[in-house]
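# Observations on the three-dimensional arrangement
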Amino acid sequence: MGGELDHYRASFDQLQGSSESGTWLTQLRQSAMDQFTVEGFPTTRHEEWKYTSVKSIAELQFGVADEGRGPEKAAACRFSNASRTVSLVNGVMETEPDKSALPEGVIVCSLKSALQDHSELLKGQLGQVAKHDQNTFLALNTAMISDGLFVYVPDNTVLAEPIEALFYSSPSEMPAVSYPRNLYLLGRGAKATVIETFLGDHDRRYLTNCASEIVLQANASLEHIKVGIEGPSAYHVATIQVDQARDSRFISRSFSFGGALVRNDINSNLNESGAECDFQGLYLATGTQHVDNHTAIDHRVAHCKSREVYKGVLSAKSEGVFNGKVYVRKDAQKTIAEQSNKNLLLSPDATINTKPQLEIFADDVRCTHGATIGQLDAESIFYLRSRGLSDEQARAVLVRAFAHEVIDGLANEEMQTRLGQLLETHLAGEKE
Amino acid sequence: MLEISNLHAQVEETPILKGLDLKINPGEVHAIMGPNGGGKSTLAKVLAGREDYTVTRGSVAYKGQDLLDMSIEQRACEGVFLAFQYPVEIPGVSNTYFLKAALNAVRKYRGEEELDAMDFLALIRKKLKLLHIDEELLKRPVNEGFSGGEKKRNEIFQMAVLEPSFAVLDETDSGLDIDALQAVASGVNALRNRDRSILLITHYQRLLDYIVPDFVHVLYEGRIVKSGGKDLALELEKKGYGWIEAGAAA
């Protein structure tokens, strides 16, 4: 076991050696590294990793990615609105975002500069929301904290325009890993949209081990859109962890199109009454892609509400995993929690393991859940063909209709269009 | 237009059509009536090409071509249209998108240029007006949440847009109140012309008060056992199917 982790330790030592010792940050990294060293990479004997084997990640010995270069501007434009996009290449921010257009008090900058300039804002938060003992990849990410995106929106401030971050992994000779670490802090009554796009436009092997921590104070509202279009040989493991105060609202939209192996953990703690979260996800997989979405919503107090809809389209020999935990604690009376996971299997060799997991300890609650796995409806195909569409066209129309629910649910029309185009590209590629 | 000879068809191992003959000339409207289980809906589905119905004997010539040899979509592109008894709900697909895809598939097959968004909308508006249908229908997902009457009207609307040569209306009147029935019937009548043939499949004579057929046939146990003019429908309404069944048994 130890041998496999040696070079992660070497990268860690190098990072720690380049930082001022004895600070809260180096202590945080150290404690996370200790955790990772003890646990190592999970095996499928671990309940949380039962259907997702990361053996190949453990064996590949990823080195820390060098600075690399960003994608051509034109390529980036296809996936984001270039004029307001912040790019991070291999986890490192290219240039600090333009501050002039931001409302007063708002901070959007690299985590690296935030660690220098806004240490007091970060100190009680970084590593405190996404606690590294909950998952070993998160522990490794925490041990390697150096850069990422930092967003701070002060009380009662509304950001009208979304903040877009493009996380690009450049091609490298040896398998490389990046550790983006993001922190989003929204004050009381603040409102923002953050879009994270993960892109690799090449077929080299690399690992993105990412974590985003989010703190929503009372009445704050965040829409978090994640778009995964990693390269075909890429590994992507990410944690998004949210702490929600009274009456706050967290909207998560997660789209997973690319990558050889993708694992997302999206977790929200509803810590005070009136907090709401709304999770929606769409995952498309083909070839031998493996996509795993784990979510956990923790209703800790009364009068909170959560809604979750995840949809998957799996073709060829792809594999999907969905695990949706909803905890309703003893005091969380009057909880409303809805969950559904619907899967379309387009090939007899595609598989899905879906597990809704509701643990309810309160007695006055309204909780529903459901999971479906199905093929395209024969009657619908007949109907479309009887109007002149070919079998192939009919199937394509039905798949799009199934997938579009999540895209159409986006508040931002421009994002709807862009994701619609991504869906088209992905489905067109599937036929080849 | 259409000539069905000695048609035998079955679902799984159960024979349903047992030697059906029917000839329809251009511009004619034929009505097929008969008791449940006689094979009315099977005939409609066989003509449209539904794959779980197997034709074991007989032939169907459509405009001189072998209809049974054509794929479902080829039939549609050649001008065969089936108005479904139970129109399918397709959530997530707007009526506009669906109609445009269908119309352009048919036009492409016929070697005509595909319509762009502007021309398509102009055409659609004309058809909406013809059938007195609200434009709001276009934005709604295909049949999702439609009432029974709305679904049937949507079928006729699709027919108006696709302009088939031969349309089969499978129990388009079932489950409609009199207002909805009149609306559907006036839509169908607006689409009648001397080149377009229509086969009405119905359980009730009532429909034929509004869409007056040239011929009426009774389908019983997989065969046409009686044919006549529109008066036959009235006779059936008065006497029921008992005398037909008795006659067929004799």
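Scroll up for the structure.
Anyway, here's the lowdown on the structure attached to this text. The model shown is predicted, which means the values in this text are computed figures rather than measured ones.

Our next topic: the overall build of chain A. Scanning chain A from terminus to terminus reveals 10 helices and 21 strands. Radius of gyration (C-alpha) of chain A: 21 Å, near the 22 Å computed for a compact globule of 432 residues. In terms of overall dimensions, chain A has C-alpha extents of about 70 × 55 × 50 Å along its principal axes. Across the 432 residues that make up chain A, the buried fraction comes to 51%. Pairs at least 24 residues apart make up 81% of the contacts formed inside chain A by residues separated by at least 6 positions.

A few words on the sheet that holds strand 13 (residues 249-256) of chain A. Residues and elements named next belong to chain A. Read across the sheet, 10 strands follow the order 3-2-6-9-11-13-15-17-19-21 without closing on themselves; strand pairing throughout is mixed. Both outer strands of the open sheet, strand 3 (92-93) and strand 21 (366-374), are each paired with one neighbouring strand and no more. Pairing geometry for strand 19 (residues 336-345) and strand 21, over nine bridges, is parallel. In the strand pairing of strand 21, Ala337 is matched with Cys367. Against the sheet, helix 9 (residues 391-408) makes contact with strand 13, strand 15 (276-285), strand 17 (305-314) and strand 19, and its axis sits at roughly 150° relative to strand 17, the strand it touches most.

In this model helix 3 (residues 95-109) of chain B runs 21 Å from its N-terminal to its C-terminal C-alpha over 15 residues, within 8% of the 21 Å that 1.5 Å per residue would give. For helix 3 of chain B, the set of buried residues is Asn95, Phe98, Leu99, Lys100, Ala102, Leu103, Ala105 and Val106 of chain B. As for helix 3 of chain B, its buried residues are in contact with helix 9 of chain A together with helix 2 (72-77), strand 7 (90-94), helix 4 (117-131), strand 8 (141-142) and helix 5 (148-162) of chain B. Immediately beyond the C-terminal end of helix 3 of chain B, within one or two residues, lies Gly111 of chain B, with a positive phi of roughly 75°.

This part is about the sheet that holds strand 3 (residues 29-33) of chain B. Residues and elements named next belong to chain B. Taking strand neighbours across the sheet as the criterion, the six strands line up as 6-9-10-3-11-12 in an open arrangement whose pairing is mixed. Here the strands that pair on one side only, and so sit at the sheet edges, are strand 6 (80-83) and strand 12 (223-228). Here the strands of the sheet are splayed against their neighbours by 20° on average, with no regard to which way each runs. Relative to strand 10 (residues 197-201), strand 9 (residues 166-170) runs parallel, the two sharing five bridges. Its bridge partner being in strand 10, Asp170 is matched across the sheet by Ile201.

Let's shift gears to the interface of chain A and chain B. Each side of the interface is counted separately: chain A has 16 residues, and chain B has 19 residues. Those elements that place two or more of their residues in the side of chain A that touches chain B are helix 8 (378-385) and helix 9 of chain A. With six residues, helix 9 of chain A is the single largest residue contributor to the side of chain A that touches chain B. Among the residues making up the side of chain A that touches chain B, the classes are represented as six nonpolar, six polar and four charged.

Definitions and limits used
- Residues numbered from 1 in each chain as written.
- Chains lettered and ligands numbered in written order.
- Predicted model: local features only at pLDDT ≥ 70, side-chain atom pairs only at ≥ 80, totals over all residues.
- Helix = DSSP H or I, 4+ residues; strand = E, 2+ residues; numbered from the N terminus.
- Rg over C-alpha atoms; globule rule 2.2 N^0.38 Å.
- Buried ≥ 20, exposed ≤ 12 C-beta atoms within 10 Å, placed from the backbone.
- Contact = placed C-beta atoms within 7 Å.
- Pairing = 2+ DSSP bridges.
- Axes fitted to C-alpha atoms, helices over the stretch in contact; angles between N-to-C directions.
- Expected span 1.5 Å × (residues − 1).
- Nonpolar A, V, L, I, M, F, W, Y, C, P; charged D, E, K, R; others polar.

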